[in-house]
Protein chains: 2
Amino acid sequence: MKTIATISILSLAWLSQSALAQTTTTPSTIAQTNPHQLHIQSWHLKNGAKVLLVERHALPIVDINVAFDAGSRRDDAQKIGVANFAGSLMDMGAGKWNEEDIRRLSSDWAVTVSSFSDTEQAGIRIRSLSQPQTLQDALKLGQTILSRPTYPQTVLTREQDRAVLGWKQNQTDPQFLSSQAMTRLNYPQHPYGYWAQENEASIRAIKRQDLIDFHHRYFRPSTAVVSIVGDINRSQAQKIATELLADLPQQKLKLPNIAAVPLHKGQTTHIHHPASQTHLDLSLPVISRDDVDYFALLIGNYTLGAGGFDSLLMKELRDNRGFTYGAYSHFNPMAQKGTFSIGLSTQAANAPEALKVTKQVLADYIAQGPTEAQLQQAKNNIIGGFPMRFDTNNKLLGWLSTIGFYQLPLDYLDTYPQKVQALTTEQIRDAWQRRLKVEDLNVVTVGQSLKQ
Amino acid sequence: MKTIATISILSLAWLSQSALAQTTTTPSTIAQTNPHQLHIQSWHLKNGAKVLLVERHALPIVDINVAFDAGSRRDDAQKIGVANFAGSLMDMGAGKWNEEDIRRLSSDWAVTVSSFSDTEQAGIRIRSLSQPQTLQDALKLGQTILSRPTYPQTVLTREQDRAVLGWKQNQTDPQFLSSQAMTRLNYPQHPYGYWAQENEASIRAIKRQDLIDFHHRYFRPSTAVVSIVGDINRSQAQKIATELLADLPQQKLKLPNIAAVPLHKGQTTHIHHPASQTHLDLSLPVISRDDVDYFALLIGNYTLGAGGFDSLLMKELRDNRGFTYGAYSHFNPMAQKGTFSIGLSTQAANAPEALKVTKQVLADYIAQGPTEAQLQQAKNNIIGGFPMRFDTNNKLLGWLSTIGFYQLPLDYLDTYPQKVQALTTEQIRDAWQRRLKVEDLNVVTVGQSLKQ
């Protein structure tokens, strides 16, 4: 079997290079040894937009993501929520088309164009056949949604009603309450925490003109990342990106940097809730996308609390103590410091002891780091499962967008396994000791208040 | 744009053929004109198993589905439920490994092996890196799960407890109750209806020896369909299929044909339920996988009730009458006749009128068929969206398994769009008039009983 596999790999490496030589004008940089290297092509348009492309010709489909530095971190502190409405309502009326027209055109053309907005980015996603007429229709729709959203007052009012209803329902959900309270502790002033300050009044205060102003100010080609995966070559991708952004204001936009995250450590909040299970959350802003300790923190976390039933938190809190069905730890890297967090649910009476045990497991792990066997298990799982993280064009598109937006190297995915493989137990222990202290973590509990 | 696209298509067609010539011994049958043709390779093993393969070398991943004619339609009428337990419990203990071992090995090797069972098929799915050592580990695990499940008594008892709990919960769910009652009307004796006869006693009656006997009898290579998609060539696929099935009893199995479905028409059942919404279901066994009217029925259904907000049922029951948020019609083709069904929920007081209107919409559609414009809209959407139905290796694997199991032609997916395109309004009207009569449909209502 090994021999057969080797022959197949060599012949395919040759084919990949031929394919690239024929369909792009950039010199191929594919290594001789890895036929599955992704070969992300990337360049800038004159208006400053960045384009990233991976050609995938097996299916006649093109997936496109256009992202702008227009997420909620760009909100005015006095007008929280404007960014998310401005981004997510773009596909509910644009140019001469109302919501119903857009729905009908998408259905008739069998294309998907939808707008999105999150903390750091906002934009649109397009999915279309690569067949030229269909793709042209999809681009026309995408360009219009991106450049000329109409933000009809009736739609805004309806969506405000929905948002208020959702917000009210969330205020009874222990998991949401915990996340909201923790965000207020972690990011009391910082733009990453704006969403946790929302309330009915702030939602109702948003005006149609706010959306128009926000859209005009922040949807500029100079901050755009256009990611494309599919049955398309570089010159087609250049045309697609140019056309999608052509109707936006072309003046370059110099945005202020997002402020560093000031740390507010060691705080505690309890929220009373009648649920029989208490939700425990321990968290602190720790990790950025360009963090020097990125791999040591992330890979080390597999052993602590991301490795499922084999993780230390799971073994101690679930198997040994029977406190919970599951306990997990998680890093959420962002442009500025995103959170490290540990979460679990347990019976109210067990909550104080479960919190103590959680802190002890973390303290021990910071002190000792992973064993060689634990690190090997983490590496096997993470490296072995890595290709599954971009095994569809849609997932790969998400990675391209991340690479483009956070200015990660183009070989980020190709070199990820080597970087994981190279880690030592010492490097992980060192990073965790420098970056995490148990007493620094903020703690939120949501559940029944125990009598002292 | 058109010119560019043409150049790209031609160069890729050439590349695809070169790739195939190097990696398979069968002559390539790829047409010159369609670079996206799937080229499903298929052959039989000596033991009778059928293999289907699509090579996909962009990622170092292999997906495998091994399906047997061992679904619940093979249950003994006196021992309902044995098939589903025998199939789905295979991955909970096999060879020398217990459940925990299998979970741990899968995690360490970063492979996924899981067993499944439904009405017509049972088997396993494997996902692995194509890297030879990992793939070899995955195959060893797959072979063991498939050939030597241990069905531990503790696992069986636990899963019986779960099944009983699930069954009890389902008996309070209007949607489930409706589906169960309708299946009893449609398939009162037929194996397709066995699942709707399950109850606590039938679940508890299943013995470990029943599972062992069922597994020994029905998991035979001669009824197996091994589908493979991924970074693998034909000679590797041959080895994989051979190895996976090597430890099963090799004697060929001559299974009796599944009986044709006797029709029981025009029945009505009402189930009282305190919910404020009444669930309406109209259904009848109509369509088989090899149905001569397959395309005319399925494509015609887009206009009636599968085209979302534009469908006739939706327009009349939702937009014009305000009876419901959504109304849908659906075909479920099987080896023997599967169902045509219409479903919706409405306020209890509106239920009689909603049922009348539903029948009238169907009667009108059967009488008139789609307009030219409606058919064109259906074609645009179905043909345009068709490539999205196998846009991941996992989805494509599902199609291969369907093609293999139901003995559909290997060019089924490639010719599907042409067959849709060729349909006329007359053909659709003719098929619907021959195959569906409103008064034949069985009707189930679940909701508050109205005073007469």
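Residues numbered from 1 in each chain as written. Chains lettered and ligands numbered in written order. Predicted model: local features only at pLDDT ≥ 70, side-chain atom pairs only at ≥ 80, totals over all residues. Heavy atoms only, no water.

Caption draft 1: Summary view of the overall build of chain A. Looking only at helices and strands, chain A has 16 helices and 13 strands in total. Rg of the C-alpha trace for chain A: 24 Å, near the compact-globule value of 22 Å for 452 residues, within the 12% margin. Projected onto the principal axes, the alpha-carbon positions of chain A cover approximately 70 × 65 × 40 Å. Total accessible area on chain A stands at roughly 19000 Å², and carbon and sulfur atoms take up 52% of it. Here chain A carries 44 positive and 40 negative side-chain charges, and the mean point of each set is 2 Å from the other. (Helix = DSSP H or I, 4+ residues; strand = E, 2+ residues; numbered from the N terminus. Rg over C-alpha atoms; globule rule 2.2 N^0.38 Å. Areas by Shrake-Rupley, 256 points an atom, 1.4 Å probe, with all protein chains shown as cover. Lys, Arg positive; Asp, Glu negative; His and termini not counted. Charge placed at Lys NZ, Arg CZ, Asp CG, Glu CD.)

Caption draft 2: Inspection of the packing of aromatic side chains at higher detail. One pass over the full model with this rule turns up 32 aromatic pairs over all chains. Ring centres 5.0 Å apart and planes at 50 degrees place the aromatic pair B:Phe68 and B:Phe219 in the tilted group. On the criterion of sequence distance, the pair formed by B:Phe68 in strand S3 (residues 61-68) and B:Phe219 in the loop between helix H8 (208-218) and strand S8 (225-230) is long-range, its members being 151 residues apart. Considering the side-chain rings of B:Phe386 and B:Phe390, the 5.3 Å spacing of their centres and the 75 degrees angle between planes classify their relative orientation as edge-to-face. Like B:Phe386, the residue B:Phe390 is buried in the burial classification. The structure contains a cluster of three or more aromatic residues connected by ring pairs, namely A:Tyr294, A:Phe295, A:Phe386, A:Phe390, A:Trp399, A:Tyr412 and A:Tyr416. The positively charged end of B:Arg234 is found above the aromatic ring belonging to B:Trp43, 4.0 Å away from the centroid. The ring of B:Tyr406 is capped by B:Arg289, whose NZ or CZ atom sits 5.1 Å from the centre of that ring. (Phe/Tyr/Trp six-rings, centres within 6.5 Å; stacked < 30°, edge-to-face > 60°. Buried < 20%, exposed > 50% of the residue type's maximum accessible area, 1.4 Å probe, protein only. Lys NZ or Arg CZ within 6 Å of the ring centre and 35° of its normal.)

Caption draft 3: Highlighting the pattern of salt bridges. All chains considered together, the criterion is met by 52 salt bridges over all chains. Between A:Arg158 and A:Glu159 there is a salt bridge; the shortest N-O distance is 2.9 Å. Residue class for A:Arg158 comes out partly exposed when judged on its relative accessible area of 28%. Across the salt bridge formed by B:Arg162 and B:Glu159, the nearest N and O atoms sit 3.5 Å from each other. On the criterion of helical spacing, the pair formed by B:Arg162 and B:Glu159 is a turn pair, its members being 3 residues apart in helix H5 (residues 153-170). The exposure class of B:Arg162 is exposed, given its relative accessible area of 53%. What makes B:Glu159 buried here is its relative accessible area of 12%. Connected via shared salt-bridge partners are A:Asp291, A:Asp293, A:Asp430, A:Arg434 and A:Arg435. (Salt bridge = Lys/Arg side-chain N within 4 Å of Asp/Glu carboxyl O.)

Caption draft 4: Main features of the confidence of the model for chain A. When the pLDDT values of chain A are averaged, the result is 91; 92% of them are 70 or greater. Taken as a whole, residues 1-32 of chain A scores under 50 in pLDDT and shows 48 contacts with residues more than four places along the chain or in a different chain. (pLDDT = per-residue confidence, 0-100. Contact = heavy atoms within 4.5 Å.)

Caption draft 5: Structural detail: helix H10 (residues 294-306) of chain B. Residues and elements named next belong to chain B. The end-to-end C-alpha distance of H10 is 15 Å, clearly below the 18 Å that 13 residues give at a rise of 1.5 Å each. Judged by how many residues are buried, H10 sits mostly within the fold: 11 of 13 residues are covered. Turning to H10, its buried residues are Tyr294, Phe295, Ala296, Leu297, Ile299, Gly300, Asn301, Tyr302, Thr303, Leu304 and Gly305. Once H10 finishes, Gly308 follows within two positions and takes phi at roughly 65 degrees, a positive value. (Expected span 1.5 Å × (residues − 1).)

Caption draft 6: Molecular detail of the side chain of A:Ser311. All names here are of chain A. Along the chain, Ser311 falls in the loop between helix H10 (294-306) and helix H11 (312-320). The class for Ser311 is buried, based on a relative accessible area of 1%. Within polar-contact distance, the side chain of Ser311 engages the backbone nitrogen of Met314 at 3.2 Å. When residues no more than four places from it in sequence are discounted, the contact partners of Ser311 are Tyr302, Thr303, Leu304, Gly305, Ala306 and Ala327. (Polar contact = N/O pair within 3.5 Å; in protein donor to acceptor, adjacent residues only side chain to side chain.)

Caption draft 7: Focus on the packing of H10(A) against helix H13 (residues 372-385) of chain A. All names here are of chain A. Two elements in contact, H10 and H13, have axes whose closest approach is 9 Å; the angle formed by their N-to-C orientations is 110 degrees. Regarding the angle of H10 to H13, the classification is roughly perpendicular. Contacts between H10 and H13 involve Ile299, Tyr302 and Thr303 from the first element and Gln374, Leu375, Gln377, Ala378, Asn381 and Ile382 from the second. When the residues that make up the contact of H10 with H13 are grouped by side-chain class, the tally is 5 nonpolar, 4 polar and no charged. (Axes fitted to C-alpha atoms, helices over the stretch in contact; angles between N-to-C directions. Parallel < 35°, antiparallel > 145°, perpendicular 65-115°, else oblique. Nonpolar A, V, L, I, M, F, W, Y, C, P; charged D, E, K, R; others polar.)

Caption draft 8: Seen up close, unusual backbone geometry. Residue and element names in this part refer to chain B. Positive phi values are uncommon outside glycine, yet Ala110 reaches one of about 55 degrees. Tracing the chain through its elements places Ala110 in the loop between helix H3 (99-109) and strand S6 (112-117). According to the relative accessible area criterion, Ala110 is buried, its value standing at 11%.

Caption draft 9: Representation of the environment of A:Ile145 within the structure. Residues and elements named next belong to chain A. Within the element layout of this structure, Ile145 appears in helix H4 (residues 132-147). With 56 residues separating them in the primary sequence, Ile145 and Leu89 have C-alpha atoms 9.4 Å apart. Among residues more than four places away in sequence, those in contact with Ile145 are Met90, Asp91, Ala94, Ile102, Val113 and Ile124.

Caption draft 10: Quick peek at the sheet that holds S6(B). Residue and element names in this part refer to chain B. Ordered by their spatial adjacency, 6 strands build an open sheet running S1-S2-S8-S3-S7-S6, and the pairing between neighbours is mixed. The sheet is open, and its two edges are formed by strand S1 (41-44) and S6, each paired on a single side. Looking at each pair of strands side by side, their axes are set apart by 15 degrees on average, direction ignored. (Pairing = 2+ DSSP bridges.)

Caption draft 11: Examining the sheet that holds strand S2 (residues 50-55) of chain A more closely. Residue and element names in this part refer to chain A. Overall, mixed pairing links the 6 strands, which are arranged S1-S2-S8-S3-S7-S6 in an open sheet. Looking at strand neighbours, the two that pair on one side only are strand S1 (41-44) and strand S6 (112-117), the edges of this open sheet. Averaged over all adjacent pairs, the angle separating strand axes in this sheet is 15 degrees, with direction ignored. Relative to strand S8 (residues 225-230), S2 is paired through 6 bridges, and the arrangement is parallel. Of the residues in S8, the one forming a bridge with Val54 is Val229.

Caption draft 12: Inspection of the pairing of S8(A) at higher detail. All names here are of chain A. Summarising burial for S8: 6 of the 6 residues are buried, a large majority. Taking every second residue as pointing to the same face, both faces of S8 are buried, with Val225, Ser227 and Val229 on one and Val226, Ile228 and Gly230 on the other. Bridge count between strand S3 (residues 61-68) and S8: 6 bridges; the pairing is antiparallel. Directly across from Val66, in S8, lies its bridge partner Val226.

Caption draft 13: Focus on the domain arrangement of chain A. Residue and element names in this part refer to chain A. Domain annotation of chain A identifies domain 1 (38-245) and domain 2 (268-447). On a C-alpha basis, the centres of domain 1 and domain 2 stand 29 Å from each other. The partner domain 2 presents 36 residues to the 37 residues of domain 1 that form the contact. A buried area of about 3100 Å², summed over both sides, lies between domain 1 and domain 2, and 64% of it is on carbon and sulfur atoms. When residues of domain 1 are sorted by the area they lose upon contact with domain 2, Leu38, Ile40 and Met182 head the list and together hold 17% of the total. Put simply, domain 1 and domain 2 have 0 salt bridges between them. It is helix H6 (residues 174-186) that contributes the most residues to the side of domain 1 that touches domain 2, 8 residues altogether. Tallied by class, the residues present in the side of domain 1 that touches domain 2 amount to 18 nonpolar, 11 polar and 8 charged. (Domains from an automatic or database assignment. Buried area = accessible area lost by both parts, 1.4 Å probe.)

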